Amino acid sequence: ARGDHGTDLYLRWNGVEKADGYKVYIVSGGSRIFKGSTTDNYFVFTDLTAGWVYDVVVEAYNESAVSESELVSVCAAPQDMGAITVTATGDTLTASWQQTPYHGYLVQWSRDPEFATVEGSAYVNGGSTLSYSASVKNADEYYVRVRAFKNFEGERVFGAFCAPQHALVKPQAPSGY
């Protein structure tokens, strides 16, 4: 799980019978960096870099032994998107944003500012693509939101959506008027 703009990560594992507790490490460059200990079978990282991949080891211990987990990779969520700009021309909505160092974006649009009903959505692949245009029906008010994603082990890890931006789609006057 993710949180706090990509800097927090919730890690859970199967408990070890007779363990008194667990020590959690990040492995970097062959060195272990102690992150903390817990008596539960979960740990919350609170100081990660958004969008980075980390190698983690968990040690279960009791008075007589220490048992080490396999090295596992985890991916912190991308940071939240900054503000986006939305423009409407004719029957086209265009959302634009600043570049973030991720693999792509999910763009959604709705007539509802709470996005209870999503009118449409699109994946924009490639971190260097900084806008998306969508054709919409009827003159109406629309709201657009965007969030970044990072590809990790065949899945998309998403950051949080930006604040929805409002646009009013006005019908175009017929040509010749």
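Use the structure listed above.
**Q** Would you take a moment to explain the overall build of the chain for this structure?
**A** Helices and strands together make up the secondary structure of the chain, namely zero helices and 16 strands. Its C-alpha atoms give the chain a radius of gyration of 22 Å, clearly above 16 Å, the size a compact globule of 177 residues would have. In terms of its C-alpha atoms, the chain occupies a principal-axis envelope of roughly 85 × 30 × 25 Å. Burial analysis of the chain (177 residues in total) assigns 38% to the buried set.

**Q** Would you explain the pattern of salt bridges in this entry?
**A** A side chain of one charge can pair with a side chain of the opposite charge if their charged atoms are brought near each other. The final tally for this structure, using the stated rule, is three salt bridges. Salt-bridge contacts for Arg32 lead to Glu68; the nearest nitrogen and oxygen are separated by 2.3 Å. In this pair, Arg32 sits in strand β4 (residues 31–38) while Glu68 sits in strand β7 (residues 66–68), placing the two residues 36 residues apart along the sequence. Overall, Glu68 belongs to the partly exposed group, its relative accessible area being 48%. For Asp47, the salt bridge identified is with Lys35, shortest N-O distance 2.8 Å.

**Q** What is the right way to read the side chain of Ser110 from this model?
**A** Among the structural elements, Ser110 can be located in strand β11 (residues 104–110). Its relative accessible area of 0% is what places Ser110 among the buried residues. Of note is the side chain of Ser110, whose polar atom sits 2.5 Å from the backbone oxygen of Thr117.

**Q** For this particular structure, what's the right way to read the layout of surface pockets?
**A** In this approach the atoms are scanned with a rolling probe the size of a water molecule, which exposes any empty space left behind. In this model, the largest pocket occupies a volume close to 210 Å³. Together, 14 residues line the largest pocket, and Trp13, Asn14, Val58, Ser69 and Glu70 are the ones closest to its centre. The biggest single contributor to the lining of the largest pocket is strand β6 (residues 53–61), with three residues. Within the lining of the largest pocket, the residues separate by chemical class into seven nonpolar, three polar and four charged.

**Q** What am I meant to see in the side chain of Lys150 here?
**A** When you line up the elements, Lys150 lands in strand β14 (residues 140–152). One buried charged residue, Lys150, remains without a salt bridge, the closest side chain of opposite sign being Glu153 at 12 Å. A polar atom in the side chain of Lys150 sits 2.9 Å from the backbone oxygen of Gly51. Beyond its immediate chain neighbours, meaning those up to four positions away, Lys150 contacts Gly51, Val53, Cys75, Pro78, Tyr102, His103, Glu155, Arg156 and Val157.

**Q** What exactly am I supposed to notice about the packing of aromatic side chains here?
**A** Note on aromatic pairs: each is described by the distance of the centres and the angle between the planes. All told, the structure shown has nine aromatic pairs when counted by the stated rule. Between the aromatic rings of Phe43 and Phe45, the centroid separation amounts to 5.0 Å while the plane-to-plane angle is 80 degrees, which identifies the pairing as edge-to-face. Taken as a pair, Phe43 and Phe45 share a single burial class, namely buried. Plain terms: the ring middles of Trp109 and Tyr132 are 6.0 Å apart, the flat faces sit at 25 degrees to each other, and that makes the pair stacked. Residue Trp109 is located in strand β11, and its partner Tyr132 is located in strand β13 (residues 131–135); the two are separated by 23 residues in the primary sequence. Each residue in the set Tyr123, Phe149 and Phe158 is aromatic and connected to the rest through ring pairs, giving one cluster. Against the face of Tyr61 rests Lys23, its NZ or CZ located 5.3 Å from the ring centre. Looking at Arg145, its charged tip hangs above the ring of Phe161, at a distance of 3.9 Å from the centre.

**Q** Any chance you could explain the pairing of strand β12 (residues 120–125) here in plain terms?
**A** Look at any regular strand and the pattern is simple: side chains alternate between the two faces of the sheet. Only one face of β12 is buried: it carries Gly120, Ala122 and Val124, and the other face, with Ser121, Tyr123 and Asn125, is open. The pairing of β11 with β12 spans six bridges and is classified as antiparallel. The residue of β12 that forms the bridge with Trp109 is Gly120.

Criteria and cut-off values
- Residues numbered from 1 in each chain as written.
- Predicted model: local features only at pLDDT ≥ 70, side-chain atom pairs only at ≥ 80, totals over all residues.
- Heavy atoms only, no water.
- Helix = DSSP H or I, 4+ residues; strand = E, 2+ residues; numbered from the N terminus.
- Rg over C-alpha atoms; globule rule 2.2 N^0.38 Å.
- Buried < 20%, exposed > 50% of the residue type's maximum accessible area, 1.4 Å probe, protein only.
- Salt bridge = Lys/Arg side-chain N within 4 Å of Asp/Glu carboxyl O.
- Polar contact = N/O pair within 3.5 Å; in protein donor to acceptor, adjacent residues only side chain to side chain.
- 1 Å grid on protein atoms, 1.4 Å probe; cavity = no way out; pocket = protein on both sides within 12 Å on 5 of 7 lines; lining within 4 Å.
- Points joined across faces, edges and corners; volume = space filled by probe spheres on them.
- Nonpolar A, V, L, I, M, F, W, Y, C, P; charged D, E, K, R; others polar.
- Lys, Arg positive; Asp, Glu negative; His and termini not counted.
- Contact = heavy atoms within 4.5 Å.
- Phe/Tyr/Trp six-rings, centres within 6.5 Å; stacked < 30°, edge-to-face > 60°.
- Lys NZ or Arg CZ within 6 Å of the ring centre and 35° of its normal.
- Pairing = 2+ DSSP bridges.

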